[in-house]
Amino acid sequence: MLIKKKSEDKASIPTASIGDITFLMLIFFLVTSSFSTEMGLQIVLPEESKETITMLSKNIVHVRINKFGDVRVEEEPIEWMKVSEKASEMLKKPNGDSLVFSIIPTRMAKYDYMIRVFDQLKIAFDKTQMKEKISLSPAEDDE
Amino acid sequence: MRRHYKKPEQNAPGIQNTTTSDIVFLLMIFFMVTTVFRQEQGLRIDMPQAISSKKITSKHIAHVWVGYDGDRGVVSIDDRIVPIGAIRNIIEQKKRIDPNLIVSIMADKNTPYSISNDVFGQLIKANALLISLSAKKVNELK
């Protein structure tokens, strides 16, 4: 009986592509790792000074927010999503560039309500490309 | 006179590429080791959303985390819970070290405004007037 000698191939793993694999991994990690980027609405707070800046009261637009999130622009109730429209309308009027928007939330109003109104006003200023004039007023008492 | 030109040896020029994987591995490990992720835990907050939220390019940032517990404000700076009245001193110190400081306020969206109002008051007293109200960037409001 003839016994066939088993052919013994030398087993080997091709290593040529390891470099490519690691490169791919490197790129994958580079792309997927998200660095925490700071996103936010910038604002400059007023300086603490003894002297008060007098402004024509007709140039100040009061935007009040209560604890339910209801918004009133100059005592006129408005849906918060429409604040940017309303604000850009006001800015486009003659003398609109001297307007200052003052956000006045009540004490129990949520921070979120203030942010979204602030956001709306920023959008209006961005649209009309005017210098931002938004101020945050001290909280009012709830009615 | 006859010159003997020696035929130059022609070895196929080759770059050793067996070590590329090692080099790339080393690079990867180097980057993994050197990248430092900011490890400030802060408070668990639910950030508000805003369309006009912009990226802050400055590196001079101090974080003030504002949360709430009932009507009481909870403020954390550098992973330490501090009373609201102490913000002024802490920020003043930071401002002395870095005059271009921007204070990033990371407040929970359900915080009553009176708390953030007090925080703003403290920042005004500390003369840290450049602030950023942290908000998640969204493209559409719901």
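Parameters and conventions
- Residues numbered from 1 in each chain as written.
- Chains lettered and ligands numbered in written order.
- Predicted model: local features only at pLDDT ≥ 70, side-chain atom pairs only at ≥ 80, totals over all residues.
- Heavy atoms only, no water.
- Phe/Tyr/Trp six-rings, centres within 6.5 Å; stacked < 30°, edge-to-face > 60°.
- Helix = DSSP H or I, 4+ residues; strand = E, 2+ residues; numbered from the N terminus.
- Buried < 20%, exposed > 50% of the residue type's maximum accessible area, 1.4 Å probe, protein only.
- Salt bridge = Lys/Arg side-chain N within 4 Å of Asp/Glu carboxyl O.
- Contact = heavy atoms within 4.5 Å.
- Buried area = accessible area lost by both parts, 1.4 Å probe.
- Core = buried A, V, L, I, M, F, W, Y, C linked by side-chain atoms within 4.5 Å.
- Pairing = 2+ DSSP bridges.
- Axes fitted to C-alpha atoms, helices over the stretch in contact; angles between N-to-C directions.
- pLDDT = per-residue confidence, 0-100.

## Quick look at the packing of aromatic side chains
Residues and elements named next belong to chain A.
Next up, step 1: Evaluated as defined, the whole model comprises two aromatic pairs over all chains.
Next up, step 2: Considering the side-chain rings of Phe-101 and Phe-125, the 5.7 Å spacing of their centres and the 90° angle between planes classify their relative orientation as edge-to-face. In this pair, Phe-101 is assigned in strand β5 (residues 100–105) and Phe-125 in helix α3 (residues 111–128), connecting sequence segments 24 residues apart. Of the two residues examined, Phe-101 and Phe-125, each falls in the buried class.

## So, the pattern of salt bridges
Residues and elements named next belong to chain A.
Next up, step 1: Using the criterion set out here, one finds ten salt bridges over all chains in the structure.
Next up, step 2: Note that Glu-75 and Arg-72 form a salt bridge whose closest N and O atoms lie 2.9 Å from each other.
Next up, step 3: Judged by relative accessible area, Glu-75 falls into the partly exposed class, the value being 46%.
Next up, step 4: Here Arg-72 falls in the partly exposed class, since its relative accessible area comes to 24%.
Next up, step 5: Glu-76 is the salt-bridge partner of Lys-86, the closest N and O atoms lying 3.6 Å from each other. With a gap of ten residues between them, Lys-86 in helix α2 (residues 83–92) and Glu-76 in strand β4 (residues 76–78) connect regions that are remote in the sequence.

## A closer look at unusual backbone geometry
Next up, step 1: Despite not being glycine, Glu-74 of chain A shows a phi value in the positive range, around 50°.
Next up, step 2: Of the residues examined, Glu-74 of chain A reaches a relative accessible area of 37% and is grouped as partly exposed.
Next up, step 3: Residue Asp-78 of chain B is not a glycine yet carries a positive backbone phi of 50°.
Next up, step 4: Residue placement: Asp-78 of chain B occurs in the loop between β4 (72–77) and β5 (80–82).

## Section: the interface of chain A and chain B
Next up, step 1: At the junction of the two partners, chain A supplies 43 residues and chain B supplies 48 residues.
Next up, step 2: Of the roughly 4,100 Å² buried at the junction of chain A and chain B (both faces included), carbon and sulfur atoms supply 66%.
Next up, step 3: For the pair chain A and chain B, the number of links is one salt bridge.
Next up, step 4: We note a salt bridge from Lys-54 of chain B to Asp-126 of chain A, for which the minimum N-O separation is 3.7 Å.

## Description of the nonpolar core
Next up, step 1: Residues Phe-101 and Met-114 of chain A together with Ile-105 and Leu-133 of chain B are the most contacted members of the largest nonpolar core, which totals 59 residues.
Next up, step 2: Counting residues per element, this core draws most heavily on α3 of chain A, which supplies nine residues.

## A look at the sheet that holds strand β2 (residues 60–65) of chain A
Residues and elements named next belong to chain A.
Next up, step 1: Pairing is mixed in the open sheet, where five strands are placed in the order β4-β3-β2-β5-β6. The two strands at the open ends of the sheet, each matched to only one other strand, are β4 and β6 (134–136). Taken pair by pair, the neighbouring strands of this sheet meet at an average axis angle of 30°, ignoring direction.
Next up, step 2: Two elements, β5 and β6, share three bridges in a ladder whose sense is parallel. Opposite Ser-102, over in β6, you have Ser-135 as the bridge partner.

## Considerations on the sheet that holds strand β7 (residues 130–134) of chain B
Next up, step 1: Taking strand neighbours across the sheet as the criterion, the seven strands line up as β2(B)-β1(A)-β7(B)-β6(B)-β3(B)-β4(B)-β5(B) in an open arrangement whose pairing is mixed. Taken across any chain shown, the strands that pair with only one partner, and hence form the sheet edges, are β2 (54–55) and β5 of chain B.
Next up, step 2: Bridge count for strand β6 (residues 102–107) of chain B against β7 of chain B is three bridges, and the pairing is parallel. Note that in β7 of chain B the partner of Ile-105 of chain B across the bridge is Leu-133 of chain B.
Next up, step 3: Contacts between α3 of chain A and the sheet are confined to β1 (39–44) of chain A together with β2, β6 and β7 of chain B, with β1 of chain A contributing the most and set at about 80° to the helix.
Next up, step 4: The strands touched by helix α2 (residues 87–97) of chain B within the sheet are β3 (61–69), β4, β5 and β6 of chain B, with β4 of chain B carrying the most contacts at an inclination of about 20°.

## Things to note about the confidence of the model for chain B
Residue and element names in this part refer to chain B.
Next up, step 1: In this model, chain B carries a mean pLDDT of 83, and residues with pLDDT of at least 70 account for 89%.
Next up, step 2: Across chain B, α2 holds the top mean pLDDT of 91, while helix α1 (residues 20–34) sits lowest at 80.
Next up, step 3: Here the predicted complex scores 0.73 on pTM and 0.71 on ipTM.

## Looking at the pairing of β1 of chain A
Next up, step 1: Judged from the two bridges that link them, β1 of chain A and β2 of chain B form a sheet pairing that is antiparallel. When the sheet's bridge partners are listed, Gly-40 of chain A is paired in β2 of chain B with Lys-54 of chain B.
Next up, step 2: For β1 of chain A and β7 of chain B, the ladder comprises five bridges, and the chain directions are antiparallel. The partner of Val-44 of chain A across the bridge, within β7 of chain B, is Leu-130 of chain B.

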